[in-house]
Amino acid sequence: MALISGRRISVSRCATIQAARTSVQPSAVTLRFTNTLTRRVEEFRPIEAGKASIYCCGVTVYDLCHLGHARSYIAWDVLRRYLIWRGYAVTFVQNYTDIDDKILARAAEEGSSMQAVSERNIAAFVADMARLNILPPDRMPRATRSLDAIRALISALEARGAAYSADGDVYFAVMKHPGYGKLSGRDLAEQQDNAAGRVATEEEARKQHPFDFALWKGSKPGEPSWESPWGAGRPGWHIECSAMVREELGDTIDIHLGGADLIFPHHENEIAQSEAASGRELARFWLHNGMVNVGGQKMSKSLGNFTTIRALLDSGVSPMTLRLFTLQAHYRKPLDFTAEALEAAATGWKGLNAALSLVTGAGAEAEAITPAVIAADGSTLGTGPAAARERFIAAMDDDLNTAAALAVLFELARPLRSLANRIERGDVAAAAEARQPSLTAQGSLLAELAAVLGLRPEPATDPGTGPDNGGLSDNAIEAQIAARREAKANRDFAAADRIRDALSAAGIELIDKPGGLTEWLRR
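Residues numbered from 1 in each chain as written. Predicted model: local features only at pLDDT ≥ 70, side-chain atom pairs only at ≥ 80, totals over all residues. Heavy atoms only, no water.

Chemist: Lay out the packing of aromatic side chains in plain terms, naming residues and giving numbers.
Modeler: We describe a pair of aromatic rings using the distance from one ring centre to the other and the angle between the two ring planes. Taken as a whole, this structure holds 13 aromatic pairs when the rule is applied. On the numbers, 5.7 Å between centres and 85 degrees between planes, the contact of Tyr96 with Phe125 is edge-to-face. Of this pair, Tyr96 sits in the loop between strand 6 (89-94) and helix 3 (101-110) while Phe125 is found in helix 4 (residues 114-131), placing the two residues 29 residues apart along the sequence. Considered together, Tyr96 and Phe125 belong to a single accessibility category, that of buried residues. Ring geometry for Phe325 against Phe337: centres 5.5 Å apart, planes inclined by 85 degrees, an arrangement best described as edge-to-face. In this pair, Phe325 is assigned in helix 11 (residues 319-327) and Phe337 in strand 15 (residues 335-337), connecting sequence segments 12 residues apart. (Phe/Tyr/Trp six-rings, centres within 6.5 Å; stacked < 30°, edge-to-face > 60°. Helix = DSSP H or I, 4+ residues; strand = E, 2+ residues; numbered from the N terminus. Buried < 20%, exposed > 50% of the residue type's maximum accessible area, 1.4 Å probe, protein only.)

Below you can see the structure in the form of structure tokens.
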């Protein structure tokens, strides 16, 4: 708990951000985003002044969340925190896809039910997000609880001639929507030419156009199903999100979020069916985060470099190290997960954590070091902290440049980290220095800005017990070795050498044995 502006608040909740935010009003914001829809950086102007409606595509709950999910949801959590801090009333909706082929396949593998698989993974998702200090959405609708809205939307599309039924299935007619392809930049005629000569499947033979997509799927024996005007069945993936956006936030929202892999077909299809039904724009801004690579390669179970959030955190990587690691890259850029990069993030977080722990009262000595109250206009901060606040705002206004924002935090933390180290060694004079008004103001600002990025102090770990102390977890090492083995099998020896060098820099020595076996030891 921290004392900010004279009252105790938790740095992990929305209340923290709102209590510590500046007095800058939304009308003064020069916030700019890269809008996937227009392919331009645009100033953010919400539908209603002072408010922001946001929909984030959630997880398909058939398995545990992986690093790609961590990257995406941390980025959007920071977006939400920043808007709140700048004075916006934010409504943040994120869905669960709990009707899907992958869930059915997992249930069949386990001999369980779709509901059992979904409930288990929803509980795991909530726990994983909490560990990463990701604020819970305001509302989290589920496909299974939005079936009335889904059926109503499909009926509206039928009434407008944009959907048709065929043997118990219902399809969206892409040719009925003139704007189809505007998000992804795909041309229907060109795609159709590329597909010419291909033998159509039974499903494709029922379609009016090869790229028509399912809104409702007729039930198959043994599958869960729901009643509808078109017969028993279940909704398609794309219509689920469109219906939930409409039900929770209305026809048009300010921001729609998701990973770059969702641009086509998911988000393209969302736009087509939503706008065909309402005649209105679905979202004014479309933001997409970049994908996660591991050691320069796409994260994939087949390559052996697939890592879940839970496995990584349970192996000893601290949640805030992972959060810091993801924020060091711009949200739109690919994020390369390597042993060297994770080690660097762990080292950086160790110093930042020491400074935050000092100013938020994490230790016995620090309880007496109460951050000063910061005036709304920054007048009590002095030139240094006031300028730092402005640099932070400028960085975040520039399409959420979290790397530049983190640089401001490290600058603020530098003298505080030094004091924390001296206090830990029993230096009484250091504790007195920490009470100086200039440093307490600087500490207050550090705690405030760290909360905007969702960074909170963590208990220090024992030396040598995990990645935050220069080590790397066994699971992470094995994942890197598997990726190196795959690179060598593909004769990509440069990539294999890079992985070896990165592990060596992290203190891991590889010993190649006959038969392709690789052993390792810590130096």
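Chemist: So, helix 12 (residues 339-359): which residues are in play, and what are the values?
Modeler: The end-to-end C-alpha distance of helix 12 is 30 Å, a good match for the 30 Å that 21 residues give at a rise of 1.5 Å each. The buried fraction of helix 12 amounts to 15 of the 21 residues, a majority that puts the element mostly inside the structure. (Expected span 1.5 Å × (residues − 1).)

Chemist: Now, about the sheet that holds strand 15: what can you tell me, with residues and values included?
Modeler: Pairing is mixed across the open sheet formed by three strands, whose spatial order is 14-13-15. Two strands lie at the open edges of the sheet, namely strand 14 (297-298) and strand 15, each paired on one side alone. Here two bridges tie strand 13 (residues 292-294) to strand 14, and the two strands are oriented antiparallel to one another. Across the sheet, Val294 pairs through a bridge with Gln297, a residue of strand 14. (Pairing = 2+ DSSP bridges.)

Chemist: Hey, could you go over the environment of Ser357 for me, with residue numbers and the actual values?
Modeler: Looking at where Ser357 falls in the secondary structure, it is placed in helix 12. For Ser357 and Arg456, which are 99 residues apart along the polypeptide, the C-alpha to C-alpha distance reads 8.5 Å. A distance of 2.8 Å separates a polar atom in the side chain of Ser357 from the backbone oxygen of Asn353. (Polar contact = N/O pair within 3.5 Å; in protein donor to acceptor, adjacent residues only side chain to side chain.)

Chemist: Please give an account of the packing of helix 12 against helix 14 (residues 402-424) that cites residues and values.
Modeler: Following both chains from N to C, one finds helix 12 and helix 14 inclined at 75 degrees, their axes separated by 7 Å at the closest point. Here helix 12 is positioned roughly perpendicular relative to helix 14, judged by the angle of their axes. Each of Gly348, Gly351, Leu352, Ala354, Ala355, Leu358 and Val359 in helix 12 lies in contact with helix 14, whose residues at this interface are Leu409, Phe410, Ala413, Leu416, Arg417, Leu419, Ala420 and Ile423. Within the contact of helix 12 with helix 14, the residues separate by chemical class into 12 nonpolar, two polar and one charged. (Axes fitted to C-alpha atoms, helices over the stretch in contact; angles between N-to-C directions. Parallel < 35°, antiparallel > 145°, perpendicular 65-115°, else oblique. Contact = heavy atoms within 4.5 Å. Nonpolar A, V, L, I, M, F, W, Y, C, P; charged D, E, K, R; others polar.)

Chemist: Describe the side chain of His238, and please don't skip the residues or the numbers.
Modeler: Along the polypeptide, His238 turns up in helix 8 (residues 237-249). On the basis of relative accessibility, which here comes to 10%, the residue His238 falls in the buried class. Discounting residues that sit within four places of it in the chain, His238 has contacts with Phe213, Pro265, His266, Asn269, Glu270 and Gln273.

Chemist: Give a detailed account of unusual backbone geometry, specifying residues and quantitative values.
Modeler: Here the residue pair Phe264 and Pro265 is connected by a cis peptide bond, since its omega of 5 degrees sits within 30 degrees of zero. By the element assignment, Pro265 lies in helix 9 (residues 263-278). Positive phi, normally seen in glycine, also occurs at Asp399, with a value near 55 degrees. Inspection of the secondary structure puts Asp399 in the loop between helix 13 (383-397) and helix 14. Notably, Leu400 is not glycine yet its phi reads approximately 55 degrees, a positive angle.

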